[in-house]
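# A closer look at the structure
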Amino acid sequence: MTRKGMRQSYLLNILYQPGRTIRELQSCGSGHGTALLVAGVFGFLTGMRFYVGSADNSPGWLLAGVICGIGLLYVMAQLVRNFSRWFGGRAECRIVRVGLGLALLPWTVLSGLLLYLVMTGIKAERLQGFSPFMMAGFIYGFVILLLAMRSALEVSPLRTFASLMLAGLVAFFSITFILRFFVAA
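Okay, so let's go over this structure. Numbering of residues starts from 1 in each chain and follows the order in which that chain's sequence is written. Local features in this predicted model are restricted to residues whose pLDDT is 70 or higher, and side-chain atom pairs enter the listing and the counts only when it is 80 or higher, whereas totals over whole chains, interfaces and linings include all residues. Note that water and hydrogens are dropped before the side-chain values are worked out from all heavy atoms of the structure.

## Observations regarding the packing of aromatic side chains
Note on ring pairs: Phe, Tyr and Trp rings are taken, using the six-membered ring of Trp, and paired if centres are within 6.5 Å. Classes follow the plane angle, with under 30 degrees stacked, over 60 edge-to-face and the rest tilted. Applying the stated criterion to the full structure yields five aromatic pairs. Ring plane angle 15° and centroid distance 5.4 Å describe the contact between Trp 107 and Phe 138, whose orientation is recorded as stacked. Of this pair, Trp 107 sits in helix H7 (residues 105-119) while Phe 138 sits in helix H9 (residues 131-153), and the two are 31 residues apart along the sequence. Assessed through its relative accessible area of 17%, Trp 107 is described here as buried. By relative accessible area, Phe 138 is classed as partly exposed at 44%. Relative to Phe 173, the ring of Phe 172 lies with its centre 5.2 Å away and its plane at 70°, an arrangement referred to as edge-to-face. When accessible area is computed with a 1.4 Å probe and restricted to protein chains, residues below 20% of their type maximum are described as buried, those above 50% as exposed, and intermediate ones as partly exposed. By relative accessible area, Phe 173 is classed as exposed at 54%. The helix count covers DSSP runs of H or I at least four residues long, the strand count covers runs of E at least two residues long, and both are numbered beginning at the N terminus.

So this is what it looks like as structure tokens:
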């Protein structure tokens, strides 16, 4: 990594130069722990939504959220890498995990902000006023994800998009099938 890149955090760089940041992290082999941390925090915030809405308020929701966030990072990275091979991708699974984990950062911030707003007891009418901001943040997060994964997979944007969509569909239907056995009808 260059001297300038070492002075500025790659957590900030991923927000405005995702492709370059992933290439630099790939060349120096770092960022994996931070990607796991971001995925864990994203899972924690998701678990926190269930924790707040649950009648028993068991801290198991929080731990399950962290474990699921990190576990899904590994599963999605494997799926994205495997589907990208169909389109000529040649990335290692580790750099795909780094790209996916760090690209979750904008969505993690949005999820935390939304959770904070809900926990403060904001009325639904006022919460709807934030929907354009949330939608813009969601789209921005997807662009960051697409650019980071394009750099990690080393394929065109269309092929990256196809790899992400195929992996998302397979993960969604697989998880839905598995959850069917654990959730009472």
